[in-house]
Amino acid sequence: MRTTAYLVEEPGGDFVAAEVELEEPRDDEVLVRIVATGLCHTDLTVPTMLPPEMLPTVVGHEGTGVVEKVGAAVSGIEVGDHVVLSFRSCRQCGPCRAGDVGYCEQSLLLNYMGMRADGSTTMKRGEQTVFGNFFGQSSFARHALAYADNCVVVDRSLDLTRLAPFACGFQTGAGTVLNVLDPKPGDSIVVYGAGAVGLAAVAVARGTGVDTVVAVDPVAARREVAAGYGATALDPTEEGAGPVEDRVRELTGGGATYAIDTTAIPAVVLQAQRSLRPRGLLVALGLGAPEYTIDAIDLLQSGKVVRSSIEGEADPLVTIPELIALREAGRFDVDHLVTTYPFERIADAVADSKAGTVVKPVLVWGE
């Protein structure tokens, strides 16, 4: 079938609308008419790292839409279902069988290479190969092929535009709190970086009863959003206020129980480590810097733990319904973090995202 997709044709290039040919779904595939797609940092960084032979490509990994066709081997998904599309996993390797689907042994191939597991691609432009199948979807397109392992069926009454970030950004931030930290009301959490991932962490922490939440961000508008959840918001650039880690320790009675970094800035990760109380836990979520500096003396004298997390240890088939239920119960209030753009304004969405003037851009197809 023919459909419209937004291609990246050269490393670091702009998104360009083009007509492409999308294959019919195979037995294990699901054809989805995309309604909305979140714009994530990964969609901007991955195309800059691809070699020319893996371009043009179609990214997008926070898709929502309506199922139009279902392969013969797919169960539990029907034509007309509304779905949220998340990351893929093989569901057969050791980590997957243990429930750790974010650490699937086939994750690189299934999510980042722009092709099926057998090496075939899903799209063409004339005779030119187009690398689709990004995160098993490539949802920067009017239609996408997805799979049972990354299709989450949701109630048809829900607004798919608001649910798009649940596929990755909101899932990562909130999942880290729920699945990794599992905090108690008396615990304290400091979040460095109040973007979509960080604010999702703040929202779910406050919504599930954590008393002390601190958000650190230099952007006033984002601090204001964090404060709206009941978090204490700190400006790390404030003159004369003293080191951020000292201010966090004062607010948390000697150091935070948990810290989350979403910035990937080495100096900020170091601040996050130093913000912890003895035996505190830091989870680094940001993607960017190739190396972090750790304060070895602080680490060895305190029993602190520094670790990472992929997608907040989430299984999309489990975590996304849980987060939607929290949203419906008023305990995960994130709708106002979304700013929508028609797909033809994708360049504006990218610019606003990079400038930090919006928290979570979501691209929407018109009728």
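Residues numbered from 1 in each chain as written. Predicted model: local features only at pLDDT ≥ 70, side-chain atom pairs only at ≥ 80, totals over all residues. Heavy atoms only, no water.

(A) Broad picture of empty space enclosed by the protein. Applying the stated criterion across every chain yields a total of one cavity of 30 Å³ or more. Quantified by volume, the largest cavity comes out at close to 50 Å³. Taken together, Val46, Leu50, Met54, Thr57, Tyr112, Met113, Gly114, Phe131 and Phe134 make up the lining of the largest cavity. Residues that form the lining of the largest cavity fall into these classes: seven nonpolar, two polar and no charged. (1 Å grid on protein atoms, 1.4 Å probe; cavity = no way out; pocket = protein on both sides within 12 Å on 5 of 7 lines; lining within 4 Å. Points joined across faces, edges and corners; volume = space filled by probe spheres on them. Nonpolar A, V, L, I, M, F, W, Y, C, P; charged D, E, K, R; others polar.)

(B) Examining the layout of surface pockets more closely. Looking at the second largest pocket, its volume works out to about 220 Å³. Forming the boundary of the second largest pocket are 13 residues, of which Gly13, Asp14, Phe15, Val350 and Lys354 lie nearest the centre. The set of elements that each furnish at least two residues to the lining of the second largest pocket consists of helix H1 (41-49) and helix H12 (346-355). Per-class residue counts for the lining of the second largest pocket are seven nonpolar, three polar and three charged. (Helix = DSSP H or I, 4+ residues; strand = E, 2+ residues; numbered from the N terminus.)

(C) Fine view of the pairing of strand S4 (residues 63-70). Two elements, strand S3 (residues 29-38) and S4, share seven bridges in a ladder whose sense is antiparallel. Bridge pairing links Val32 to Val67 in S4. (Pairing = 2+ DSSP bridges.)

(D) View of the sheet that holds strand S11 (residues 212-216). Across the sheet, six strands lie side by side as S12-S11-S10-S13-S14-S15; this open sheet has parallel pairing. The two strands at the open ends of the sheet, each matched to only one other strand, are strand S12 (232-234) and strand S15 (305-308). The average angle at which neighbouring strand axes cross in this sheet is 20 degrees, direction not considered. Pairing of S11 with S12 involves three bridges; the strand directions are parallel. Counted as the bridge partner of Val214 is Thr232 from S12. On the sheet, helix H5 (residues 169-181) packs against strand S10 (188-192), strand S13 (256-261), strand S14 (276-284) and S15 and is oriented at approximately 130 degrees with respect to S14. (Axes fitted to C-alpha atoms, helices over the stretch in contact; angles between N-to-C directions. Contact = heavy atoms within 4.5 Å.)

(E) Representation of the packing of H5 against helix H6 (residues 196-207) within the structure. In the contact formed by H5 and H6, the axes pass within 7 Å of each other and the chain directions differ by 45 degrees. The angle between H5 and H6 falls in the class oblique. Note on packing geometry: the crossing formed by H5 with H6 is right-handed. When H5 is examined against H6, the residues Gly169, Phe170, Thr172, Gly173, Ala174, Val177 and Leu178 are found in contact with a partner set consisting of Ala196, Val197, Ala200, Ala201, Val204 and Ala205. (Parallel < 35°, antiparallel > 145°, perpendicular 65-115°, else oblique. Left-handed = near helix turned anticlockwise from the far one by under 90°.)

(F) Inspection of the packing of aromatic side chains at higher detail. Taken as a whole and judged by the stated rule, the model has eleven aromatic pairs. Measuring from centroid to centroid gives 6.3 Å for Tyr112 and Phe134, while their planes differ by 80 degrees, and the two rings are edge-to-face. Of this pair, Tyr112 sits in helix H3 (residues 107-112) while Phe134 sits in the loop between strand S7 (128-130) and strand S8 (143-147), placing them 22 residues apart in sequence. Taking relative accessible area as the criterion, Tyr112 reaches 33% and is therefore assigned partly exposed. Plain terms: the ring middles of Tyr112 and Phe135 are 5.1 Å apart, the flat faces sit at 75 degrees to each other, and that makes the pair edge-to-face. (Phe/Tyr/Trp six-rings, centres within 6.5 Å; stacked < 30°, edge-to-face > 60°. Buried < 20%, exposed > 50% of the residue type's maximum accessible area, 1.4 Å probe, protein only.)

(G) The arrangement of the packing of H5 against helix H11 (residues 316-328) in detail. The N-to-C vectors of H5 and H11 enclose an angle of 90 degrees; their axes lie 11 Å apart at closest approach. As far as their axial angle goes, H11 and H5 are roughly perpendicular. Side by side, H5 and H11 meet where Phe170, Gln171, Ala174, Leu178 and Asn179 of the first sit next to Pro316, Thr319, Ile320, Leu323 and Leu326 of the second. Residues of the contact of H5 with H11, tallied by class, amount to seven nonpolar, three polar and no charged.

(H) Region of interest: the sheet that holds strand S2 (residues 15-22). Sheet architecture is open: four strands sit in the order S1-S2-S6-S7, paired in antiparallel fashion. Each edge of the open sheet carries a strand with a single partner, namely strand S1 (2-8) and S7. Adjacent strand axes in the sheet meet at a mean angle of 50 degrees, parallel and antiparallel pairs treated alike.

(I) Structural detail: the side chain of Asn150. Note that Asn150 resides in the loop between S8 and strand S9 (151-154). Here the side chain of Asn150 touches Tyr147 through a polar contact of 2.9 Å, landing on its backbone nitrogen. Beyond its immediate sequence surroundings of up to four residues, Asn150 is in contact with Val84, Leu85, Ser86, Phe87, Arg88, Phe135, Gly136 and Gln137. (Polar contact = N/O pair within 3.5 Å; in protein donor to acceptor, adjacent residues only side chain to side chain.)

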